[in-house]
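Structure at a glance
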Amino acid sequence: MAELAIFFKSFIREYPLFMNVKSIQNNLKDVTWRLYIADDSPEITHKKQLFYDSLEKQGHKVLILPFNTGASKSRNLMLDALENESFILRMDDDHEILPETNIRSMITLLESIDHLGGCVGLERQFGWGKGVFPGMIGVQQGFMKYRDGVLEKDLDHPQKFTY
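Structural notes, computed from the coordinates. The shown structure was predicted, so the numbers you read here are calculated from the model rather than taken from an experiment.

The next subject is the layout of surface pockets. What the second largest pocket holds in volume is close to 210 Å³. Every residue lining the second largest pocket is listed: F7, A71, S72, R75, N76, L79, I88 and R90. Elements represented by at least two residues in the lining of the second largest pocket include exactly α3 (71-81) and β4 (87-92). Counting residues per element, the lining of the second largest pocket draws most heavily on α3, at five residues. Class assignment for the residues of the lining of the second largest pocket results in four nonpolar, two polar and two charged.

Glancing now at the nonpolar core. L4, I6, F8, I24, L28, L35 and I103 are the most contacted members of the largest nonpolar core, which totals 21 residues. Among the elements of the structure, β1 (4-10), α1 (15-27), β2 (33-39), α2 (46-57), β4 and α4 (103-112) are those that each provide at least two residues to this core. Not counting the four nearest positions on each side in its chain, L4 is found in contact with L28, V31, T32, W33, R34, E85, F87, I88, L89 and I103. With six residues, the next largest nonpolar core counts F7, Y36, A38 and L65 among its residues.

For the pair α1 and α2, interaxial distance at closest approach is 12 Å and the crossing angle is 25 degrees. Here α2 runs roughly parallel to α1, going by the angle between their axes. As for how α1 packs across α2, the hand of that crossing is left-handed. Note on element contacts: α2 touches α1 through K47, K48, F51, Y52 and L55, opposite L17, F18, V21 and Q25. Each residue belonging to the contact of α1 with α2 can be placed in one class, and the counts come to six nonpolar, one polar and two charged.

Calculation rules
- Starting afresh in each chain, residues are numbered from 1 along the sequence in its written order.
- Local features in this predicted model are restricted to residues whose pLDDT is 70 or higher, and side-chain atom pairs enter the listing and the counts only when it is 80 or higher, whereas totals over whole chains, interfaces and linings include all residues.
- Just so you know, side-chain values use all the structure's heavy atoms and leave hydrogens and water out.
- Only protein atoms enter the 1 Å grid, on which a cavity is a set of points fitting a 1.4 Å probe that cannot get out and a pocket is an open set with protein on both sides within 12 Å along at least 5 of 7 lines, lining residues being those with an atom within 4 Å of a point.
- Grid points are joined across faces, edges and corners, and a volume is the space filled by probe spheres set on the points.
- A helix here means a DSSP run of H or I that spans at least four residues, while a strand means a run of E at least two residues long, and both kinds are numbered starting from the N terminus.
- Residues were grouped as follows: Ala, Val, Leu, Ile, Met, Phe, Trp, Tyr, Cys and Pro as nonpolar; Asp, Glu, Lys and Arg as charged; and all remaining residues, including Gly, as polar.
- What makes a nonpolar core is a set of buried Ala, Val, Leu, Ile, Met, Phe, Trp, Tyr and Cys residues whose side-chain atoms join them at distances within 4.5 Å.
- With a 1.4 Å probe rolled over the protein chains alone, any residue whose accessible area is under 20% of its type maximum counts as buried; one over 50% counts as exposed, and the rest are partly exposed.
- We call two residues in contact whenever any of their non-hydrogen atoms come within 4.5 Å of each other.
- Note on definitions: angles span 0 to 180 degrees between N-to-C directions of axes, and those axes are lines fitted to C-alpha atoms, for helices only across the stretch in contact.
- Orientation is classified from the angle alone, with under 35 degrees giving roughly parallel, over 145 giving roughly antiparallel, 65 to 115 giving roughly perpendicular, and any other angle giving oblique.
- By definition, turning the near helix anticlockwise from the far helix through less than a right angle yields a left-handed crossing, and turning it clockwise yields a right-handed one.

As C-alpha cells, then:
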C-alpha cells in the first residue's frame, strides 16, 4: 500500500516527464508512493508509450485522455482513479524531486495538525525560463487560502518565505 499518490498531468513534453519520474525514483526514498499521470497530448510517441507501460507494470496509473482535456478535468480524473493513498502530492510534469525535498516532513505536519488540509513547498527553477536563473527559487510563490468556497493562491515575493 502506498501512502502518497503523486499526481501530475503531462502534455507533449517527453523529456521533462522522464526526468520528473527519474527524480522521484532517485530521491523519494522515505515514503511509499504511486504515480498517477494524466496525459492529453495529441499523440503518444512509441518511446513514451513504452515508458507508460513500464510504469503500469510497476503498479502506477497512467490515464491517456482525449487531446487537450485540460489540467482541472485531468486532475479530477486522477482523483477518481485514486486507490487507498492517504496523501496527494500534486506536481507538474516539469517538476523534480531533489535530495533537499522533504516530503516526509510535509506528511508529518499534515498528520499532526487536524485542521490543516494541505501544505506546499517552494519551487526551484531548473533550466531557463519563468523569469529566474536556474537554481533560484521561482517568482510565482504564494500562500494557498480557502476563501468563500474557492481555493486561491496569493502570490508573494520569495524573500518573504522562510525555508
